[in-house]
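# Topology and contacts: notes
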Amino acid sequence: MPLLDRTGTPEAVPSKASLVEQALAPFRRIAHHRRLLWRTTLVDLKSAYAGSLLGTIWVGLGPLLMLSLYALIYAVIFRVRPTNMTVAEYVLYVFCGLVPFLAFASSLTAGTLSLVSNRALLLNTVFPAELIPLRAVLVASASMPVGGVILLAGDLGLSTPSVTALLIPLVMVMQIMFTVGLCWMLSLLALLIRDIQQLLYYITMLLLTITPIAYTPDMIPSQLALIMYLNPLYYFAISFQSLIILNQIPPLHVLIIGSGISLGFFIVGYAVCTRAKQVFYDYA
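First, a word on what this report is: a plain description of the structure on this page. Just so you know, these numbers come straight off a predicted model, no measurement behind them.

### A short note on helix 2 (residues 34–48)
Between its terminal C-alpha atoms helix 2 stretches 21 Å, which fits the 21 Å expected from 15 residues at 1.5 Å a residue. Taken as a whole, helix 2 has its buried residues at Leu 37, Thr 40 and Thr 41. One side of helix 2 holds all its buried residues, which, seen down the axis, span an arc of 110°. Opposite its buried face, helix 2 presents the exposed residues Arg 35, Trp 38, Val 43 and Lys 46, each directed more than 90 degrees away.

What follows is the structure, encoded as structure tokens:
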């Protein structure tokens, strides 16, 4: 029996083919504009550090400074010592969680505020508006591959490297997909709600606390386990730590839920952005 809407008219049930088309839509859009997206991303990356003394060196220097701070606080002051790690391995473990978090924190802010900061491009027919948050996330995520190289170098010097580290680029792509999908929705909301920028600061601080960066999952009380599993960054941080310092494939639930979160937010975020953007442009 066909489904009926409120007026009694049969509702159109999406076919499998249409669902597949919707799922592939963001990938096709990106592939179609890949050259333009690549050129503008490079321009934005260079302009982001234009005028500074060290320039793009800050892409790698920033994570190193944060790592030094974390190492000082947890390894020297608090003297946190996981039983199965040396001090050097623990510092590398912290960096494994810090690299994806720093990339996400900067990308979340940049992507969410990208449409507000680029109102002139909202109705641009040459560069689609839905690619503006994507470009902002890519620029802000530049520290992640640089941090990944530093992680691999540290793993080679301080620990026993494993072939599992070769899967790190895949985790990076999945995190970027999740962040882009989230920013596609939040960037439209930011056009309407001006308090988003202030909220992002506190959300980032909350995620910094509940993401297992300086502590291992087994240190978390069982009563708080649900909070850990509801944190999307948990799955990416654990994947980095498992693949690099622990030399193992992440747990199955981390792989399944992390992949589902990434693909789900990416596809749904694009659909929401492309369908609702015209309505939200009235508030730009």
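From this point, things continue past the structure.
### So, the packing of aromatic side chains
Overall, the coordinates contain 9 aromatic pairs when judged by the stated rule. When the centroid spacing of 5.8 Å and the interplanar angle of 35° are considered together, the rings of Phe 178 and Phe 236 count as tilted. Taken together, the positions of Phe 178 in helix 8 (residues 168–192) and Phe 236 in helix 11 (residues 232–244) put the pair 58 residues apart, joining distant regions of the chain. This pair shows no difference in class: Phe 178 is buried, exactly as Phe 236 is. With centroids separated by 5.2 Å and ring planes inclined at 85°, the aromatic side chains of Tyr 201 and Tyr 202 adopt a geometry described as edge-to-face. In this structure Tyr 202 comes out as exposed when scored by relative accessible area, which is 57%. Each member of the aromatic cluster is reached from another via a ring pair, and the members are Phe 27, Trp 184, Phe 266 and Tyr 270.

### Some details on the packing of helix 2 against helix 6 (residues 131–140)
Where helix 2 contacts helix 6, the axes come no closer than 9 Å and their chain directions differ by 50°. With respect to each other, helix 2 and helix 6 are oriented oblique. In the crossing of helix 2 with helix 6, the sense of the turn from one axis to the other is right-handed. On the side of helix 2, the interface is formed by Leu 37, Thr 40, Thr 41, Asp 44 and Leu 45, while helix 6 contributes Leu 131, Leu 134, Arg 135, Leu 138 and Val 139. Its residues placed into classes, the contact of helix 2 with helix 6 shows 6 nonpolar, 2 polar and 2 charged.

### A few points about the packing of helix 4 (residues 87–112) against helix 11
Taken N-terminus to C-terminus, the directions of helix 4 and helix 11 make an angle of 140°; their axes are 8 Å apart at the nearest point. As the angle between them shows, helix 4 and helix 11 are arranged oblique. Pair helix 4 / helix 11 crosses with right-handed handedness. On the side of helix 4, the interface is formed by Tyr 93, Cys 96, Gly 97, Val 99, Pro 100, Phe 101 and Phe 104, while helix 11 contributes Leu 233, Phe 236, Ala 237, Phe 240, Gln 241 and Ile 244. Taken together, the residues of the contact of helix 4 with helix 11 sort by class into 11 nonpolar, 2 polar and no charged.

### Some details on the pattern of salt bridges
One pass over the full model with this rule turns up 3 salt bridges. The salt bridge partner of Arg 29 is Glu 130, with a shortest N-O separation of 2.9 Å. Of this pair, Arg 29 sits in helix 1 (residues 16–32) while Glu 130 sits in the loop between helix 5 (114–117) and helix 6, and the two are 101 residues apart along the sequence. Among the residues examined, Arg 29 registers a relative accessible area of 29% and is labelled partly exposed. Residue Glu 130 is classed as buried on the basis of its relative accessible area of 2%. As a salt-bridge pair, Arg 135 and Asp 44 come within 3.1 Å of each other at their nearest N and O atoms. You can see Arg 135 sitting in helix 6 and its partner Asp 44 sitting in helix 2, a full 91 residues away along the chain.

Conventions and cut-offs
- Residues numbered from 1 in each chain as written.
- Predicted model: local features only at pLDDT ≥ 70, side-chain atom pairs only at ≥ 80, totals over all residues.
- Heavy atoms only, no water.
- Helix = DSSP H or I, 4+ residues; strand = E, 2+ residues; numbered from the N terminus.
- Expected span 1.5 Å × (residues − 1).
- Buried < 20%, exposed > 50% of the residue type's maximum accessible area, 1.4 Å probe, protein only.
- Arc of directions from axis to C-beta.
- Phe/Tyr/Trp six-rings, centres within 6.5 Å; stacked < 30°, edge-to-face > 60°.
- Axes fitted to C-alpha atoms, helices over the stretch in contact; angles between N-to-C directions.
- Parallel < 35°, antiparallel > 145°, perpendicular 65-115°, else oblique.
- Left-handed = near helix turned anticlockwise from the far one by under 90°.
- Contact = heavy atoms within 4.5 Å.
- Nonpolar A, V, L, I, M, F, W, Y, C, P; charged D, E, K, R; others polar.
- Salt bridge = Lys/Arg side-chain N within 4 Å of Asp/Glu carboxyl O.

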